[in-house]
Every structure is written in structure tokens, then in C-alpha cells.
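Here is how the chains run, residue by residue.
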Amino acid sequence: GENVEQHPSTLSVQEGDSAVIKCTYSDSASNYFPWYKQELGKRPQLIIDIRSNVGEKKDQRIAVTLNKTAKHFSLHITETQPEDSAVYFCAATPNTGGFKTIFGAGTRLFVKA
Amino acid sequence: DSGVTQTPKHLITATGQRVTLRCSPRSGDLSVYWYQQSLDQGLQFLIQYYNGEERAKGNILERFSAQQFPDLHSELNLSSLELGDSALYFCASSVDAGISYEQYFGPGTRLTVT
């Protein structure tokens, strides 16, 4: 069935360093790939997304890359700050009439000051 | 604030009981999604409704059902509750219809089954 694998499960970086989170999806019909940030006890919040007709997208310190052939996509956070500490989820959504969004298991990011 | 509202915020009930969770989407959004998030777990897609009709289904248990009403609010019904149903239940909404895929999440309902 549909599956999204996300690595690493935990990531600890020093403030100012970069963080990279990688995801692989199985459903080739997936054409929309959002990334969500979830702080403890809060709702997931969309931080960036990419569609299958685009290879890379950037928004200030955050960028996402997509390799459709390899079925993987990555989140890059540069110049990390302590407030970036949270759980990050990738997701893949196939457009097959409905939008059955499959989430990765999450990456817990710690940014040490 | 995403504009998506969910009630109640917290719910404590006993095994075997039935509960109803309510979600109001953002103004203008036609799609509603339901997700389950167990402790320290990822988000499991349950079901999607679009303008009153079921559009996509995930691994939703037969004891769970949902519907979307003409005013576009949605309810998730959980019956014959088990301890393992304790989780955070999120609702999300989006415009869809080829306009925008972004999903906006509500604050969640924390369900505790004792």
C-alpha cells in the first residue's frame, strides 16, 4: 500500500547549522508534497510544499527538493534557530479524485543554543 | 489560528462508549479531513469529505464513521471505544477543486478512553 518513509527519526544540530530531513514515497500517483511543523501539544502547521511539476522550492531559510524519478523529497533548514525545534512531518498526496494524504513518521529536531 | 475549529478540546470517556467530535472548516473550504495521532506517533489519515460527499478513505475502523453536513461542518463518530482509541484527533480543511491543496489543521480533540 501507500507508504512514506522519513529519516532520521531524531536530529540534533547546533544553532546556526543546517538540518536535512529526507522522505521516500511509494505511490507514483503522488503529486503534492507538503511539510508540516508540529510543536508539542499544538496543531501541525504547513511550512512549505512542492508539487510534482517543480524540482525545488525555497522560502527564506527553508527549501524543499523533489526527485520524482527516485520518489524522494527532502527538507532543508539553514541557519537553524532554537525556535526551529519541533517535530517535522513530510507527506505525500496522490490526486486520484480524493486526497488521501500519507504522512511520514516524523523527525524530532533539536536545535541546541 | 488556522480558522478551523474543533470541539470539544478534551474528552474523557469509558470503554464501550460512543463519542462525537465536531469540526468546522475555514470559511470557503469545501474539503474536510480527519486524522488520528496517537501518543508520539505520526498522523494517520482517516477520511476525507468534499462538499458533503466522501472522497477518500484511509484505515478507518468500522467502529468509526464520519459525515459532512450541508453547512460543511463535519462530525466524526467513534463507537464501542477501546483503550487504544485514546489519541489526538485532528480535523483539517482545504479548498481543493484544483485550486489549492494546502490543508489547515484545527487545534485537535484529545480523547482519553479509560
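Above this text you will find the structure in question.
All chains use their own residue numbering, which begins from 1 and follows the written sequence. Throughout, the order in which chains and ligands are written sets their labels, letters from A for the former and numbers from 1 for the latter. The predicted origin of the model limits local features to residues at a pLDDT of at least 70 and limits the giving and counting of side-chain atom pairs to 80 or more, whereas totals for whole chains, interfaces and linings rest on all residues. The side-chain figures draw on all heavy atoms in the structure; neither hydrogens nor water molecules are used.

Draft legend 1. Here's a closer look at the interface of chain B and chain A. In what follows, a contact means two residues having at least one pair of non-hydrogen atoms within 4.5 Å. Contacts between the two partners involve 26 residues from chain B and, on the opposite side, 21 residues from chain A. Note on chain B versus chain A: buried area summed over both sides is about 1,900 Å², and carbon and sulfur give 56% of it. For the chain B face of the interface with chain A, the top three residues by lost area are L43, Y101 and F105 of chain B, together amounting to 34%. Whenever Lys or Arg places a side-chain nitrogen within 4 Å of a carboxyl oxygen from Asp or Glu, that contact is recorded as a salt bridge. Taken together, chain B and chain A are joined by zero salt bridges. The term polar contact refers here to a pair of N or O atoms within 3.5 Å; inside protein, the definition further demands a hydrogen-donor-capable atom paired with an acceptor-capable atom, and it admits residues adjacent in sequence only when both atoms are side-chain atoms. At the boundary of chain B and chain A, one finds five residue pairs in polar contact (both at pLDDT 80 or more). For the side of chain B that touches chain A, the elements supplying multiple residues, two or more each, are strand 4 (31–37), strand 5 (44–50) and strand 6 (53–57) of chain B. Under the grouping applied here, Gly and all other residues not named as nonpolar or charged are polar, the nonpolar ones being Ala, Val, Leu, Ile, Met, Phe, Trp, Tyr, Cys and Pro and the charged ones Asp, Glu, Lys and Arg. Of the residues that constitute the side of chain B that touches chain A, the class distribution is 11 nonpolar, nine polar and six charged. Here the quantity called buried area is the accessible surface, traced with a 1.4 Å probe, that two parts lose on coming together, added over both. Each helix is a run of DSSP H or I of at least 4 residues and each strand a run of E of at least 2, with the numbering of both proceeding from the N terminus.

Draft legend 2. Representation of the pattern of salt bridges. All names here are of chain A. Scanning the entire structure with this criterion turns up seven salt bridges over all chains. Residue K37 is joined to E39 by a salt bridge in which the shortest nitrogen-to-oxygen separation is 3.6 Å. Accessibility expressed as a relative area gives 17% for K37, which makes it buried. Between D49 and K57 there is a salt bridge; the shortest N-O distance is 2.8 Å. One salt-bridge network, held together by shared partners, links K37, E39 and K42. Buried residues are those whose accessible area, probed at 1.4 Å on protein chains only, stays under 20% of the maximum for their type, while exposed residues exceed 50% and partly exposed ones sit between those limits.

Draft legend 3. Structural detail: the packing of aromatic side chains. Residue and element names in this part refer to chain A. Ring pairs are drawn from Phe, Tyr and Trp, using the six-membered ring of Trp, whenever the two centres fall within 6.5 Å, and their geometry is named by plane angle: stacked under 30 degrees, edge-to-face over 60, tilted for the rest. One pass over the full model with this rule turns up 13 aromatic pairs over all chains. Ring plane angle 45° and centroid distance 5.6 Å describe the contact between Y36 and F103, whose orientation is recorded as tilted. Placement of Y36 in strand 4 (residues 30–38) and of F103 in strand 10 (residues 102–103) is noted, with a sequence separation of 67 residues between them. The exposure class of Y36 is buried, given its relative accessible area of 1%. On the basis of relative accessible area, F103 is assigned to the buried category, the value being 8%.

Draft legend 4. Seen up close, the environment of G104 of chain A. As for its position among the elements, G104 of chain A is in the loop between strand 10 and strand 11 (107–112). Residue class for G104 of chain A comes out buried when judged on its relative accessible area of 1%. Considering only alpha carbons, one finds G104 of chain A and C23 of chain A, 81 residues apart in sequence, at a separation of 7.3 Å. Sequence-distant contacts of G104 of chain A, defined by excluding residues within four places in its chain, comprise V4, Q6, F89 and C90 of chain A together with G42 of chain B.

Draft legend 5. Summary view of the nonpolar core. If you look at the biggest cluster of nonpolar residues, it comprises 25 residues, and the most contacted ones within it are W35, F73, L75, Y88 and L109 of chain A. Breaking this core down by element, the ones donating at least two residues are strand 2 (10–14), strand 3 (19–25), strand 4, strand 5 (45–51), strand 7 (62–67), strand 8 (72–77), strand 9 (86–94) and strand 11 of chain A. Nine residue types can take part in a nonpolar core, namely buried Ala, Val, Leu, Ile, Met, Phe, Trp, Tyr and Cys, and a core is a set of them joined through side-chain atoms within 4.5 Å. Core analysis: the next-biggest nonpolar cluster, separate from the first, contains 20 residues, V19, W34, L46 and C91 of chain B among them.

Geometric values such as these leave the question of function open.
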